[in-house]
Amino acid sequence: MTDVVIYTRQLCGFCTAAKRLLDKKNVAYTEHDATFDPELRKAMIQKANGRSTFPQIFIGKTHVGGCDDLHDLERSGKLDQLLSK
């Protein structure tokens, strides 16, 4: 399965919802909590081409975007394909 990385912050409902979907699908992921780490947040924004909202999700080399983007992939049936690459 492809590496999944998710940048989160504490008390973020969208972060929780994204992780819940990944957990439901038994997807292992690496979580980077940027709540109190401005350098990590800066790195996330750079990696996400300027997007600064949480969460930011990466599957392999693909920048998925945020929680809504992840759920859109699931609804369209494309998430499993991306995860299996």
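Everything that follows concerns the structure shown earlier in this document.
The rules behind the values
Residues numbered from 1 in each chain as written. Predicted model: local features only at pLDDT ≥ 70, side-chain atom pairs only at ≥ 80, totals over all residues. Heavy atoms only, no water. Helix = DSSP H or I, 4+ residues; strand = E, 2+ residues; numbered from the N terminus. Rg over C-alpha atoms; globule rule 2.2 N^0.38 Å. Buried < 20%, exposed > 50% of the residue type's maximum accessible area, 1.4 Å probe, protein only. Contact = heavy atoms within 4.5 Å.

Draft legend 1. Spotlight on the overall build of the protein chain. The secondary structure content of the protein chain amounts to 4 helices and 4 strands. Each helix (α) and strand (β) of the protein chain, taken in turn from the N terminus, gives the series β-α-β-α-β-β-α-α. Against the compact-globule benchmark of 12 Å for 85 residues, the protein chain has a radius of gyration of 12 Å, which places it among compact chains. Taking the principal axes of the C-alpha coordinates as reference, the protein chain spans close to 35 × 25 × 20 Å. Burial statistics for the protein chain: of 85 residues in total, 36% are counted as buried. In the protein chain, of all internal contacts separated by at least 6 residues, the share reaching a separation of at least 24 is 55%.

Draft legend 2. Region of interest: the environment of phenylalanine 36. Within the fold, phenylalanine 36 resides in the loop between strand E2 (30–33) and helix H2 (38–47). With 44 residues separating them in the primary sequence, phenylalanine 36 and aspartate 80 have C-alpha atoms 32 Å apart.

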